[in-house]
Amino acid sequence: MRKPEAGPAELPPLAGAEEGKVVVRLAPYPSGPLHIGNARAFLLNDEYAKRYRGKLILAFDDTIGSEEKPILPEAYDQVREGLEWAGITIHDVVYKSDRIPLHYEWGETLIGTGRTFVCECTAERLQALRKEMKACEHRSQEVDETLAMWRAMLDGQYHEGEAVLRLKTDIAHPNPAFRDRVLFRIAEREHPRVGTKYRVWPLLEFSWAVDDHLLGITHVIRGKDLVIEDMMESAIWDALGIARRPQFVHFGMLRFKDLELSKSGIRREVEEGRLSGYDDPRTWSLQSLRRRGLRPAALRAFVLSFGLSLTDVEVPAESLYAENRRLVDKDANRYFFVPDPVAVEISGLPVTGPLKVPLHPDFPGRGERTIPIAAKVHVTREDFEKLRGMDVRLKDFCNVRLDHKAQFLSMENRDIPKIQWVTHGVNAHVVMPDGSEARGMAEPAAAALKADDFIQFERFGFSRIDRVSKAEVRAYFAHR
RNA sequence: GCUCCCGUAGUCUAGCGGCCAAGGAUGGAAGCCUCUCGAGCUUCCGGCACGGGUUCGAAUCCCGUCGGGAGCACCA
């Protein structure tokens, strides 16, 4: 017997989750706006927080980062703006960069246990020894020696790259990355929020071991690319004697067909002028989805449909569009848009006077739009070339034998190819997902549209109106 | 190469030893409807990677093979 329900897939329950007590967190690194590839992380966390009436903490993971992946000051707002659009409920916001003193404090506690050492090896030597499963001479430090060197790091007696604090794990651990992992390192770069206040910065694992504990996180829901961090956090909790720990939950990687997504990549391409901005459709940022008129509910349904599986998924954007189309079709009024217009002169046209056409074919009660008619009309070049010489119907108007000099045939609705057309209309252009623009003419009624209206250009596709001026209508293409 | 993870139709997913001769979504095909290449309705196409076990019984458990992914940073 199969279950009769076919509705939206329900996520599995969270292990150990108690109603009202779940605390989860989102840890974006502010290097650019959030994009669709990040959606699995924030939607899953939000969804579970809501389901258990728990809390979601937005914790900017803004430790100093790396040279290649710098923090972008405006990314803090871009991230929040994107989350807000996506309908994420945030109960609290914290910044890692405000918590460095806390990390120092816990770092010193950890040093006191004798489970750490300050290493002066170069990054290269450290890596080489790691590969050989050999410890370096620093590993045998006494605690007070480590503490003194740690203070020297804080005091500026070491420069970038000259010393790090490492955790003694197992130098022969099967995973090389796990062998005496680095906890703190020196970075003398300026931080956009706290400037040069700190020179010693914790690495992600240590800062999270401390903060997951301090913030009372009950469930860490993150991508499986971060599994090693579970082990590291656990190792640090072991050393610190912390017993209460969050549950780790992972999900597989989400990829889009033919799409490479990266926050810092967006930033670079925008700076180099190859993208029009951080909401350029090619970025697939949340802002760009908003601009195209994709609905947050569609994004959510789409992403949550992947569940919590550890399977990596590679999906075509078409699936997201299908989800959105379902939501928008009934609301989107219909208009004619003729990209790349070709003039057609109709001879023998017996009628004049405007047409009344419903705004939406499935809801005639919604109202009508008025389309002026004339002997001279425009049709798209694509239709013209494909149908030239054939009988076609100018939708809602009349039948003609198509050519530059077209011949009027009749008025009645015949079962022949129907194409959209305009007489004079307004200039219109539509920004396509690949960044190109479709330029042409839209029917006059389109001039009354407003920014944020979501419409369908018949036989062209669903689009969000971005700007309307006397001179033109500008729209962003969502999908067919 | 090493460590870990995953493998249900083209794609995504349900399935947790008998309710599965595998369900849903998307996609494709056909038809109906519709003055859109949209929506809606109907029908159809298509899958448990492979090989061994365990069991009365396996998509479900175990082993192996093959395939895919992630990690292997003083990034997050």
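The rules behind the values
Residues numbered from 1 in each chain as written. Chains lettered and ligands numbered in written order. Predicted model: local features only at pLDDT ≥ 70, side-chain atom pairs only at ≥ 80, totals over all residues. Heavy atoms only, no water. Pairing = 2+ DSSP bridges. Helix = DSSP H or I, 4+ residues; strand = E, 2+ residues; numbered from the N terminus. Patch = residues over 30% accessible without salt bridge, like charges linked within 9 Å, V, L, I, M, F, W, Y side chains within 5 Å. Areas by Shrake-Rupley, 256 points an atom, 1.4 Å probe, with all protein chains shown as cover. Salt bridge = Lys/Arg side-chain N within 4 Å of Asp/Glu carboxyl O. Lys, Arg positive; Asp, Glu negative; His and termini not counted. Charge placed at Lys NZ, Arg CZ, Asp CG, Glu CD. Phe/Tyr/Trp six-rings, centres within 6.5 Å; stacked < 30°, edge-to-face > 60°. Buried < 20%, exposed > 50% of the residue type's maximum accessible area, 1.4 Å probe, protein only. Axes fitted to C-alpha atoms, helices over the stretch in contact; angles between N-to-C directions. Contact = heavy atoms within 4.5 Å.

Undergrad: When you look at the sheet that holds strand β21 (residues 418-419) in this model, what are you seeing that I'm missing?
TA: Where strands meet in a sheet, backbone hydrogen bonds hold them as pairs that are either parallel or antiparallel. Strand order in the open sheet formed by six strands is β17-β14-β20-β19-β18-β21, with mixed pairing between adjacent strands. Whereas interior strands pair on both sides, the edge strands pair on one side only; in this sheet they are β17 (376-380) and β21. Across three bridges, strand β19 (residues 398-401) lies against strand β20 (residues 405-410) in antiparallel orientation. The partner of R401 across the bridge, within β20, is Q407.

Undergrad: How should I be thinking about a negative patch on the surface in this particular structure?
TA: Taken together, the side chains of E120, E142, D144, E145 and E162 present a region of like negative charge at the surface. Residue placement: E120 occurs in the loop between β4 (116-119) and α4 (123-131).

Undergrad: Honestly, the packing of aromatic side chains in this entry has me stumped. Any pointers?
TA: Within the structure shown, the criterion is met by 21 aromatic pairs. Seen from their ring centres, F337 and F457 are 5.0 Å apart, and the 40° between their planes marks the pair as tilted. On the criterion of sequence distance, the pair formed by F337 in strand β13 (residues 337-339) and F457 in strand β24 (residues 454-457) is long-range, its members being 120 residues apart. For F337, a relative accessible area of 0% gives the class buried. Judged by relative accessible area, which is 1%, F457 ranks as buried. With a centroid separation of 6.1 Å and 10° between ring planes, the pair formed by F454 and F462 is classed as stacked.

Undergrad: Sorry if this is basic, but what is going on with the sheet that holds strand β7 (residues 200-202) here?
TA: Spatially, the four strands line up as an open sheet ordered β4-β5-β6-β7, and their pairing is antiparallel. Both edges of this open sheet fall to β4 and β7, since each of them pairs with a single strand only. Each neighbouring strand pair of the sheet contributes to a mean axis angle of 20°, computed without reference to strand direction. Looking at chain direction, β4 and strand β5 (residues 164-167) are connected through four bridges and run antiparallel. Considered in β5, the bridge of F117 is made with R166. Helix-sheet contacts for helix α5 (residues 143-155) involve β4, β5, β6 (182-186) and β7, and the interaxial angle to β4 is about 50°.

Undergrad: Just checking my understanding: could you explain the environment of Q78 for this structure?
TA: In this fold, Q78 is placed in helix α2 (residues 75-85). Assessed through its relative accessible area of 6%, Q78 is described here as buried. Along the primary structure Q78 and Q287 are separated by 209 residues, whereas in three dimensions their C-alpha atoms are 8.3 Å apart.

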